[in-house]
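# Structural features, examined
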Amino acid sequence: IGTSSSDYFTVDVNKLSGSVKSSVMLSNSGDLAVSDLSVTSDDGSINLKVTDGNLTGVGGTNGISARDVYLQVTDGNIGAFGNAVTTNARNLTIEGGSKIFLTNASDLFALNLTANHKDSNVNSYDIRAHGLTLNIQDAGSAFVTELMDDTGINFDFSSDRIVYVGELNAGAANSLSI
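The sections below set out a description of the structure shown in this document. (Residues numbered from 1 in each chain as written. Predicted model: local features only at pLDDT ≥ 70, side-chain atom pairs only at ≥ 80, totals over all residues. Heavy atoms only, no water.)

All right, on to the pattern of salt bridges then. Counting across every chain of the model gives 2 salt bridges. One salt bridge in this structure joins Arg-67 and Asp-68, with 2.7 Å as the shortest N-O distance. Residues Arg-128 and Asp-126 are paired through a salt bridge, measuring 2.8 Å at the closest nitrogen-oxygen approach. Looking at Arg-128, the relative accessible area reads 48%, which means it is partly exposed. (Salt bridge = Lys/Arg side-chain N within 4 Å of Asp/Glu carboxyl O. Buried < 20%, exposed > 50% of the residue type's maximum accessible area, 1.4 Å probe, protein only.)

This is the structure we're talking about:
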C-alpha cells in the first residue's frame, strides 16, 4: 500500500487493522487507532503518518508488526499513559511532536527517535523494548538520562530543543548519535 517515502496512500479513518505481504505507506488525517496491522514478509515495513490527530493502540492486540516500523505523528500523541502503542519491530523510527508511549515486543536493533514539540508544553516519553532501558525527561529541554541495552542498539536521538545527556551505552560495535 503506497509506493515510496513521498507517495503515501492517504485515508481518513478512525481504526486500522490488516495484513499485507511487503509494505504499508499510509497517511491518515485525524486520530487513528491501530490493532493487528502486520507485514508478512521478513523484510517488510510499515510507515504510518498521522496528521492532525493522535496515534493510539487498541488494548490486547498485537499492534504494529514488521521488521521496519516508521511512525510520524507531529501534531499529536503516540499512545497514552496506561495505553502504549504496541509494536513488534527490529528497526523502529519515531517522529513525535508531543507525548510518546510505546512498547516494542522484541529486541530492537535500531531506534531512531525525533522528539519535537508541537507547542510549548512539556512532553512525556515512555519507550520500552526487550532489554532496553531508556529514560528521557522533558522540562523544556530533553534530558536523555539513561540508555542501556542488553544486546546493543544503534540509537539516534534528535530534538528541536536543547539536549542534555547522562549515562549512554549503546553496546559494543553499535552506534550512538545525539
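So, about the nonpolar core. Membership of the largest hydrophobic core comes to 40 residues, with the highest contact counts inside it found for Leu-48, Leu-55, Ile-94, Leu-102, Leu-111 and Leu-134. If you tally residues by element for this core, the top one is strand 4 (residues 32-39), at 4 residues. Leave out the neighbours within four places in its chain, and Leu-48 touches Leu-16, Val-24, Leu-26, Val-34, Leu-37, Ile-64, Tyr-70, Leu-71 and Gln-72. (Core = buried A, V, L, I, M, F, W, Y, C linked by side-chain atoms within 4.5 Å. Helix = DSSP H or I, 4+ residues; strand = E, 2+ residues; numbered from the N terminus. Contact = heavy atoms within 4.5 Å.)

As a general feature of sheets, a regular strand has side chains that alternate between the two faces. Of the two faces of strand 16 (residues 154-159), only one is covered, namely that formed by Phe-155, Phe-157 and Ser-159; the face formed by Asn-154, Asp-156 and Ser-158 stays uncovered. Here 2 bridges tie strand 16 to strand 18 (residues 176-177), and the two strands are oriented parallel to one another. Along strand 18, the bridge assignment pairs Asp-156 with Ser-177. (Pairing = 2+ DSSP bridges.)

Moving on, we come to the sheet that holds strand 5 (residues 45-51). Pairing is parallel across the open sheet formed by 8 strands, whose spatial order is 1-3-5-8-10-12-16-18. Looking along the sheet, the strands with just one partner apiece sit at the ends: strand 1 (9-11) and strand 18. As judged from the 6 bridges shared by strand 12 (residues 110-115) and strand 16, these two strands associate in the parallel manner. Bridge pairing in strand 16 places Leu-113 opposite Phe-157.

Moving on: the sheet that holds strand 17 (residues 163-169). Within a beta sheet, neighbouring strands are joined by backbone hydrogen bonds and run either parallel or antiparallel to one another. Reading across the sheet, the 3 strands line up as 14-15-17 and stay open at both edges, with mixed pairing between neighbours. Since the sheet does not close on itself, it has two edges, and those belong to strand 14 (132-138) and strand 17, each with one partner. On average, each strand axis in the sheet is tilted by 5° relative to the strand beside it, whichever way the strands run. Where strand 14 meets strand 15 (residues 142-149), 7 bridges bridge the pair, whose relative direction is antiparallel. In the strand pairing of strand 15, Gln-137 is matched with Phe-143. (Axes fitted to C-alpha atoms, helices over the stretch in contact; angles between N-to-C directions.)

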